[in-house]
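# Structural description and commentary
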Amino acid sequence: MLRVVIVGATGRMGRTLVSCARQMSGLTVTGAIDRPDSPAIGRDVGELAGIGALGVTVGSKLAAVLDGADVVVDFSDPASTAGHLAACAAARVALLVGTTGLAPEIEQQAMQAAAHAPVLIAANTSLGVTLLTALVRECARLLPTDFDIEIVEAHHRHKKDAPSGTALALGRAAAEGRGIDFGQAAVAGRAGVAPRRSGEIGFAVVRGGDIVGEHDVIFAGTAEKITLSHQASDRAVFARGALEAARWLAAQPAGRYCMSDFISIKT
Ligand code: NAD
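The structure presented is a predicted model; accordingly, all values stated were derived computationally and were not measured.

### Notes on the site of the ligand
Inspection of the region around the ligand gives 22 residues, with Met13, Asp34, Arg35, Thr100 and Thr125 positioned closest. A distance of 3.1 Å separates an oxygen atom of the ligand from a polar backbone atom of Gly11. One nitrogen or oxygen atom from the main chain of Met13 is found 2.8 Å from an oxygen atom belonging to the ligand. A total of 870 Å² of accessible area belongs to the ligand in isolation, and the protein chains cover 84% of it. Residue classes in the shell around the ligand are distributed as six nonpolar, ten polar and six charged.

### Brief notes about the nonpolar core
Grouped together as the largest cluster of nonpolar side chains are 39 residues, with contacts concentrated most on Val4, Ile6, Leu17, Val73, Leu96, Leu120 and Leu243. At the level of secondary structure, the elements contributing two or more residues to this core comprise strand E1 (2–7), helix H1 (12–23), strand E2 (27–33), strand E4 (71–74), strand E5 (94–97), helix H8 (236–249) and helix H9 (259–266). The dominant element in this core, judged by the number of residues it contributes, is H8, at nine residues. Contacts of Ile6, omitting those with residues within four sequence positions, involve Gly14, Leu17, Val18, Val29, Gly31, Ala32, Ile33 and Val73. Among the nonpolar cores identified, the runner-up in size contains 20 residues, and Leu62, Leu66, Ala114 and Val119 belong to it.

### Structural notes on the sheet that holds strand E10 (residues 213–220)
Strand pairing in a sheet is mediated by backbone hydrogen bonds. Such pairs are either parallel or antiparallel. In spatial order, the strands read E8-E9-E7-E10-E11; together these five strands make up an open sheet with mixed pairing. Of all the strands in the sheet, just strand E8 (186–188) and strand E11 (225–232) have a single pairing partner and so form its edges. Across the sheet, the mean angle from the axis of one strand to that of its neighbour is 15°, orientation sign disregarded. Here strand E7 (residues 148–155) pairs with E10 via seven bridges, running antiparallel. Bridge pairing in E10 places Asp148 opposite Ala220. Of the strands in this sheet, E7, E10 and E11 touch helix H5 (residues 127–142), which is tilted by about 165° from E11.

### Topic: the domain arrangement of the protein chain
Often, the extent of an interface is quoted as the loss of accessible area upon association of its parts. Looking at the protein chain, the domain boundaries give domain 1 (2–121 + 235–263) and domain 2 (127–232). The distance between the C-alpha centroids of domain 1 and domain 2 comes to 28 Å. If you look at the interface, domain 1 gives ten residues, while domain 2 gives eleven residues. Summed over both sides, the interface between domain 1 and domain 2 buries roughly 810 Å², with carbon and sulfur atoms accounting for 63% of that surface. Across the domain 1-domain 2 interface, the total number found is two residue pairs in polar contact (both at pLDDT 80 or more). At the level of secondary structure, the elements contributing two or more residues to the side of domain 1 that touches domain 2 comprise H8 and H9. Across the side of domain 1 that touches domain 2, the residue classes break down as four nonpolar, three polar and three charged.

About the criteria used
- Residues numbered from 1 in each chain as written.
- Predicted model: local features only at pLDDT ≥ 70, side-chain atom pairs only at ≥ 80, totals over all residues.
- Heavy atoms only, no water.
- Near = heavy atom within 4 Å.
- Polar contact = N/O pair within 3.5 Å; in protein donor to acceptor, adjacent residues only side chain to side chain.
- Areas by Shrake-Rupley, 256 points an atom, 1.4 Å probe, with all protein chains shown as cover.
- Nonpolar A, V, L, I, M, F, W, Y, C, P; charged D, E, K, R; others polar.
- Core = buried A, V, L, I, M, F, W, Y, C linked by side-chain atoms within 4.5 Å.
- Buried < 20%, exposed > 50% of the residue type's maximum accessible area, 1.4 Å probe, protein only.
- Helix = DSSP H or I, 4+ residues; strand = E, 2+ residues; numbered from the N terminus.
- Contact = heavy atoms within 4.5 Å.
- Pairing = 2+ DSSP bridges.
- Axes fitted to C-alpha atoms, helices over the stretch in contact; angles between N-to-C directions.
- Domains from an automatic or database assignment.
- Buried area = accessible area lost by both parts, 1.4 Å probe.

Encoded structure:
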């Protein structure tokens, strides 16, 4: 039985993870962590997820629940990611980070942690977006450079980061495929800006209602346009993908992984 600790356990994704874990075989939630000032501290995480008591209470100290854990699944807040990496590295426990809006320096900290434990960071843990990312890279590689690349994403009104981590990851894949520098090419928002510069990768953001997650990658040429599109209508696609990837990750040696490592092994 795989013993899973959920970080951000009482958030939208945390509750979905707890509920999906219950429906998956060979997997059990043994720890639930949220921020120290959360009103959920001390309450049963199953009750908070609406699936009945699991006998696991929400705590705030990750290190305290790592003894005996196989993998940590973190969908919380980017300010806490460095601490979670350090705690998992010290305990030699696998860590899957689904949190987005991570600071650039996290990559270096992830590499340090990956010397001691398996670490997977994914802005999107759905199977569909993992495949979409590969398709975007390939499309950008194959199409002539006069096909302009634009990315449009839509999410619910509570989302904290913009553009979404998934949109940025899709943009990076497009830049890789085209062989250009993502930092130079990315343009987020065009209010009051003059016409498009050649080679830009543009981002447009929609926020509203309860939209779970939508991403369109547009390759706009002259008199023709290709749009690669993904729409998630239920958070469970991210939760199930994360838990399946976590199951795989827990069996890997220490190292730095991404979703495409998991998918290619699986297929
Ligand atoms: P949310 O705000 O509903 O939940 C976040 C939870 O983390 C809250 O319960 C909050 O109290 C908790 N938290 C905050 N600081 C913490 C800390 N220091 N330690 C432990 N817990 C802490 O947000 P959400 O919609 O559940 O999304 C969470 C994160 O996951 C966001 O970054 C979001 O963009 C990302 N996300 C990723 C994917 C993916 O596929 N990778 C999918 C959906 C959301």
